[in-house]
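# Architecture and fold: a report
One-letter residues, chain by chain:
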Amino acid sequence: MKITSAEFLKSAFERRHWPLEARREVAFLGRSNVGKSSLLNSLLQRKALARTSNTPGRTQSINFFLINAKYPIATAPATDKSGFYFVDLPGYGYAKVSKSMRADWGKMAEEYLSDRERLALCIQLVDSRHKPSPLDLQLHEWLTFNEKRHIVVATKSDKLSSSELSKQLRLIGAEMPESKVIPYSSQTGKGRDVVWSEIAATLA
Ligand code: GTP
Ligand code: MG
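Rules behind the numbers
Residues numbered from 1 in each chain as written. Chains lettered and ligands numbered in written order. Predicted model: local features only at pLDDT ≥ 70, side-chain atom pairs only at ≥ 80, totals over all residues. Heavy atoms only, no water. Pairing = 2+ DSSP bridges. Helix = DSSP H or I, 4+ residues; strand = E, 2+ residues; numbered from the N terminus. Axes fitted to C-alpha atoms, helices over the stretch in contact; angles between N-to-C directions. Contact = heavy atoms within 4.5 Å. Phe/Tyr/Trp six-rings, centres within 6.5 Å; stacked < 30°, edge-to-face > 60°. Buried < 20%, exposed > 50% of the residue type's maximum accessible area, 1.4 Å probe, protein only. Polar contact = N/O pair within 3.5 Å; in protein donor to acceptor, adjacent residues only side chain to side chain. Expected span 1.5 Å × (residues − 1). Arc of directions from axis to C-beta.

This brings us to the sheet that holds strand S6 (residues 150-155). If you trace the 7 strands from one edge of the open sheet to the other, you get S1-S3-S4-S2-S5-S6-S7, paired in mixed fashion. The open sheet has two edge strands, strand S1 (6-12) and strand S7 (181-183), and neither has a second partner. Going across the sheet, the axis of each strand differs from the next one's by a mean of 25°, ignoring polarity. Alignment of S1 against strand S3 (residues 62-67), held across 6 bridges, turns out to be antiparallel. Paired with Phe8 across the bridge in S3 is Phe65. Each of strand S5 (119-127), S6 and S7 touches helix H4 (residues 162-175); the most contacted strand, S7, lies at about 160° to it. Running at roughly 160° to S5, helix H5 (residues 192-203) makes contact with strand S2 (25-30), strand S4 (84-88), S5, S6 and S7 of the sheet.

Right, let's talk about the packing of aromatic side chains for a bit. Counted under the stated rule, the structure contains 7 aromatic pairs. Here the aromatic rings of Phe64 and Tyr112 are separated by 6.5 Å at their centres, their planes lie at 70°, and the arrangement is edge-to-face. Of this pair, Phe64 sits in strand S3 while Tyr112 is found in helix H2 (residues 99-115), placing the two residues 48 residues apart along the sequence. Across the pair, Tyr112 and Phe64 agree in class, each one buried. Taken together, the ring pairs in this structure connect Trp18, Phe64, Tyr85 and Tyr112 into an aromatic cluster.

Before going further, it helps to spend a moment on the side chain of Asn63. In this structure, Asn63 sits in strand S3. On the basis of relative accessibility, which here comes to 10%, the residue Asn63 falls in the buried class. A polar contact is formed between the side chain of Asn63 and the side chain of Ser61, at a distance of 2.9 Å.

Moving on to H5. End to end, H5 covers 16 Å across 12 residues, agreeing with the expected 16 Å (1.5 Å per residue, within 8%). The set of residues buried in H5 consists of Val195, Trp196, Glu198, Ile199, Thr202 and Leu203. Buried residues along H5 cover an arc of 155° about the axis, so they all sit on one side. Residues of H5 that are buried in the fold lie against S2, helix H1 (36-44), S4, S5, S6 and S7.

Dropping the structure here:
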């Protein structure tokens, strides 16, 4: 897919901040620090559209990015519905945030995932170096059970040798047998075409 524009729209801390315009949405989900914001930037070939950081748990809101709209956000007519949204969800499983913050994550993300009708595709990220965590598997089962269209992206593949990577992909595939697992590196761009073709097929 050709990217003609990509703009940060807003951070939503509550449901009433979700965009009203009926565009389809592609959501990025995964443990804190797994590389969601980096994947989003890498897909868009933009260095810092989504903020990345070494501090896990940095993204605490649901962040909306408008992709391939006909007009810049500032000048778009209210009736314009062109383009689609990338939605960067806060990461889960970060032990150091407070209990109430963790509860907020669950509430906010689950509310978004279960209620958002225009959600076209969920991209679940797992770290290619590790076995999926119990929370990864819980989310994965939830997506499968609720029949949400989804793919799994195994991030940070540049940190493994090719034999280690194939071994890890088999392991992840065995834990998530219903899903397509795509190895990715935000550093090298490995996997970009494959992920884009999945997104394009969903939005077509
Ligand atoms: P939260 O917003 O806290 O949930 O994290 P996130 O999932 O958005 O992770 P983020 O993209 O901020 O990346 C976390 C760290 O991992 C950063 O230091 C990135 O540079 C690094 N990282 C992400 N993807 C890759 C990758 O493919 N390869 C390598 N080597 N590092 C990566
Ligand atoms: Mg992030």
